Amino acid sequence: MTSPWALDRGCPASCAAAPEARVPVGELARRYAALTYVLTRAAARGDRLAEPRVLRGEARAVLSALGVRVAVGGSERLGAGLAGRLSVPDGSGVGTLVVANHISWLDVVALLAVEPVRVLAKREVSRWPLIGTLARRAGTLFIDRDGSPRQLPCDVRALSACLRGGTSVLVFPQATTWCSAAGGRFRRAAFQAAADAGAPVRPVTVTYRQGGAPSTTAAFLGDEDFTASLRRVAAARGLSARITAHAPLRGTDRRELAAAAHLAVSGGAVPSPAPEQQMVAQ
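Not measured: the values here are computed from a predicted model.

Reading guide: rules and limits
Residues numbered from 1 in each chain as written. Predicted model: local features only at pLDDT ≥ 70, side-chain atom pairs only at ≥ 80, totals over all residues. Heavy atoms only, no water. Buried < 20%, exposed > 50% of the residue type's maximum accessible area, 1.4 Å probe, protein only. Helix = DSSP H or I, 4+ residues; strand = E, 2+ residues; numbered from the N terminus. Contact = heavy atoms within 4.5 Å. Axes fitted to C-alpha atoms, helices over the stretch in contact; angles between N-to-C directions. Parallel < 35°, antiparallel > 145°, perpendicular 65-115°, else oblique. Left-handed = near helix turned anticlockwise from the far one by under 90°. Nonpolar A, V, L, I, M, F, W, Y, C, P; charged D, E, K, R; others polar. 1 Å grid on protein atoms, 1.4 Å probe; cavity = no way out; pocket = protein on both sides within 12 Å on 5 of 7 lines; lining within 4 Å. Points joined across faces, edges and corners; volume = space filled by probe spheres on them.

A. Inspection of helix 7 (residues 226-235) at higher detail. With seven of 10 residues buried, helix 7 is to be regarded as a mostly interior element. Turning to helix 7, its buried residues are A228, S229, L230, R232, V233, A234 and A235. Considering only its buried residues, helix 7 is in contact with helix 1 (25-44), helix 2 (52-66), helix 3 (106-114) and strand 8 (239-245).

Next comes the structure, spelled out in structure tokens:
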């Protein structure tokens, strides 16, 4: 049997476009130097990296090093500046299941810059050089995408326990990356955890633009090497990420929650008339 966490094929690497405009060589070198410094500093934080204030600060520093701007907006305002909220502050003490479309590794950084929640990721990420170390120290929850379906109830219980304990968790239910928000179905397992915990679900749309136009420059797709994606992002002039939060969902049926979340996220790829805040991450 196929694991309920298993990946779909996703978009091919050819969907990722080269930057429309590039920074000069000197600026590119500065960005690489700044990113190296930030990642080295983050690794030196040790277990303190999981502290919300520290994690948000390092995420913002990565964006700043790469010259990536962030726009925060949507049907619900998240608060002033990047330090907004993705979780739903309803006073229940239960965490929020934050579900977003998945385009790039940069999605995680941009979302953590808004609110440093825990992230659910495939276990192979924990073995990536440096990135795996940072992910573990940031408190990432790892699952086996190719594991046995018999493991599913245990994974759902673990996620539900986190939510019930007041921890908000970021999940990418498409399970792999696509070049647009509308691509890929939503896996339902994580929504069962939210239903079991009585946790709200916050749908979030992530999109990228360069020079004001939709862009796939940030996309990390198919069997592409991570360094190739990083080179595109670092070289891009005027790259920005838009984080669009939608009204929270509640329910007890994982199928209905998954369908409603997918509809909100895919519909959120269309620019909203709601005002937004745009700034350079500092």
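There is more to say after this.
B. Spotlight on the packing of helix 2 against helix 3. Two numbers describe how helix 2 lies on helix 3: the axes approach to 8 Å, and their chain directions differ by 125°. Between helix 2 and helix 3, the angle falls in the class oblique. Classified by chirality, the crossing of helix 3 by helix 2 is left-handed. Seen from helix 2, the contacting residues are L55, R56, A59, R60, V62, L63 and L66; seen from helix 3, they are L106, V109, A110, L112, A113 and V114. Per-class residue counts for the contact of helix 2 with helix 3 are 11 nonpolar, no polar and two charged.

C. A look at the layout of surface pockets. Quantified by volume, the largest pocket comes out at close to 1100 Å³. Forming the walls of the largest pocket are 47 residues, and the residues nearest its centre are W105, V108, V125, W128 and I131. When residues of the lining of the largest pocket are traced back to their parent elements, those giving at least two are helix 1, helix 2, helix 3, strand 3 (118-122), helix 4 (131-137) and helix 7.

So yeah, pure geometry; function would need other evidence.
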